[in-house]
Amino acid sequence: MQTTDAFIGLTCVDCEETFDAETATHRCPDCGGILDPAYDYDRVDLTPEALDARPDGSMWRYAELLPFPAETAVSLGEGATPLVECPALADAMGVGRVLLKDEGANPTGTFKDRGQAAAMTAAREHGASEVALNSAGNAGQAAAAYAARADLDAHVFLPSRAGFTQKAMTEVHGADLTVTDPIDGNSQIGDAGAAYAEAMEEHPDWYSTKTFVTPYRHEGKKTMALELLAQLDWNPPDAVVYPTGGGVGLVGMHKAAREARKLGWTDELVPMYAAQAAGCAPVVDAYESGADEHVPLDDDAVDTACNGIAIPDPGASTLILDAIRESDGGAVATTDREIFDAAIEVARAEGLETGATCAAAASGAFELAERGEFGPDDTVVLLNTGAGNKDVDALRAHLGEREAESEAAE
């Protein structure tokens, strides 16, 4: 197994034992906790100046802080996404700057590519031949693409509510797709998870790239924060507003911010704000109540069209809550109408296309600004986790409803 110089193994976030990455592949062998890649930071021979001198290339520009070297990576050129100034949004929010980190520029159109690049590299390094996961949609599409790149067979389990694009492209990339049957309506992520778990029992040789089962998805996604800090000349913004379902990217970004501070590249952490849909906001509920973890929602209690963040039982909510509290961030929920309206406003005011789900970051930021959370000189970053064309039908339908309401009011 080829690894980077500083990577020393996998540490359990619960029992704090560290394991050899060659033998510990997924959850903690002792207690079943989440494993987190660990490093000897004294071995990280890298400076911001050295990074700034490198071409952008991909997320593997930051390989010294990843488990695997760039030459072994399963890569499609993920990362190096733009950070775009949004002056009209800044004026509307009453802040100094609004910037949008556009993860829609990734190969399959979402930030999921970063996580699957790292997870699929681990799968190949461990000698896997078949990989599997359940997903709300985008991670399944990304897994299919990166499995094809790695010459691995992929088994993807999606709920019926997943988008047509994600289902179609999963099959186009050659993965074995299972869409779980609707039960009294659209099936949910939990139904896809149950089908995945049953299949894993039947096929124990399949290698999982599921969220927080593999230790590597949040590790790949932490490069979003490293890129963001580099793009801001290593001056942390005052807020990053992140559309949050399972929270893998938020947890990863917070880890990277802690690493940058530990290495002396920055003085402060990046304040992380979790943005959810009001119809499925277990993290926001837990944050506002002062709880250390969420209370799972029943699948039939989920009431949002934002598929990507319709996660009623995020398995790592303790890590999400720790991240937003340690970074002095927060959590906010807005309605579907506010989220879809924000997607349209971003498109019309700035020309930028955001996924309907991803626009929770924009609507959340507007709500936070309205509450007085941001100052007039603050720099606020919106994390657009996916391209607008992932949700084109939903966005166009919402626009049509708005136009019909406007005409009826005249």
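Look up: the structure comes first, before these words.
Residues numbered from 1 in each chain as written. Predicted model: local features only at pLDDT ≥ 70, side-chain atom pairs only at ≥ 80, totals over all residues. Heavy atoms only, no water.

In this section: the pairing of strand E13 (residues 379-384). Most of E13 is tucked away: six of the six residues are buried. By the bridge criterion, six bridges tie strand E5 (residues 97-102) to E13 in an arrangement that is parallel. Bridging across to E13, Leu 100 finds its partner in Leu 382. Relative to E13, strand E10 (residues 239-243) runs parallel, the two sharing three bridges. If you follow Ala 239 over to E13, its bridge partner there is Val 380. (Buried < 20%, exposed > 50% of the residue type's maximum accessible area, 1.4 Å probe, protein only. Helix = DSSP H or I, 4+ residues; strand = E, 2+ residues; numbered from the N terminus. Pairing = 2+ DSSP bridges.)

A few words on the side chain of Thr 334. The residue Thr 334 is located in strand E12 (residues 330-334) in this model. Classification of Thr 334 by relative accessible area gives buried; the value is 2%. Reaching out from Thr 334, the side chain makes a polar contact with the side chain of Ser 363 at a distance of 2.8 Å. Filtering out sequence-adjacent residues up to four positions away, Thr 334 remains in contact with Gln 276, Ala 277, Ala 278, Ile 339, Ser 363, Gly 364 and Glu 367. (Polar contact = N/O pair within 3.5 Å; in protein donor to acceptor, adjacent residues only side chain to side chain. Contact = heavy atoms within 4.5 Å.)

The next thing to look at is the nonpolar core. Burial of nonpolar side chains together is a common tendency in soluble globular proteins. Core analysis: the largest hydrophobic core is formed by 86 residues, its most contacted members being Met 120, Tyr 216 and Met 253. With 33 residues, the next largest nonpolar core counts Val 332, Ile 339, Leu 352 and Leu 368 among its residues. (Core = buried A, V, L, I, M, F, W, Y, C linked by side-chain atoms within 4.5 Å.)

On to the sheet that holds strand E9 (residues 207-208). Strand order in the open sheet formed by four strands is E8-E7-E6-E9, and the pairing between neighbours is parallel. Edge positions in the open sheet fall to strand E8 (176-179) and E9, since each of these has one partner strand only. Packed onto the sheet, helix H6 (residues 189-202) meets strand E6 (130-134), strand E7 (153-158) and E9 and runs at close to 150° relative to E6. (Axes fitted to C-alpha atoms, helices over the stretch in contact; angles between N-to-C directions.)

Our next topic: the packing of aromatic side chains. Taken as a whole and judged by the stated rule, the model has seven aromatic pairs. Ring centres of Phe 68 and Tyr 216 lie 5.3 Å apart, and the angle between their planes is 45°; this geometry places the pair in the tilted category. Placement of the pair is Phe 68 in the loop between helix H1 (48-52) and strand E4 (83-85) and Tyr 216 in the loop between E9 and helix H7 (217-221), with a sequence separation of 148 residues. Of the two residues, Phe 68 and Tyr 216, neither departs from the other in class, the shared state being buried. Residues Phe 157 and Tyr 196 carry aromatic rings whose centres are separated by 6.4 Å and whose planes lie at 70° to one another, so their mutual orientation is edge-to-face. With Phe 157 in strand E7 and Tyr 196 in helix H6, the pair connects residues that are 39 residues apart, well separated along the chain. Of the two residues examined, Phe 157 and Tyr 196, each falls in the buried class. In textbook terms, an aromatic cluster arises when at least three aromatic residues are bridged by ring pairs, as seen for Phe 7, Tyr 39 and Tyr 41. (Phe/Tyr/Trp six-rings, centres within 6.5 Å; stacked < 30°, edge-to-face > 60°.)

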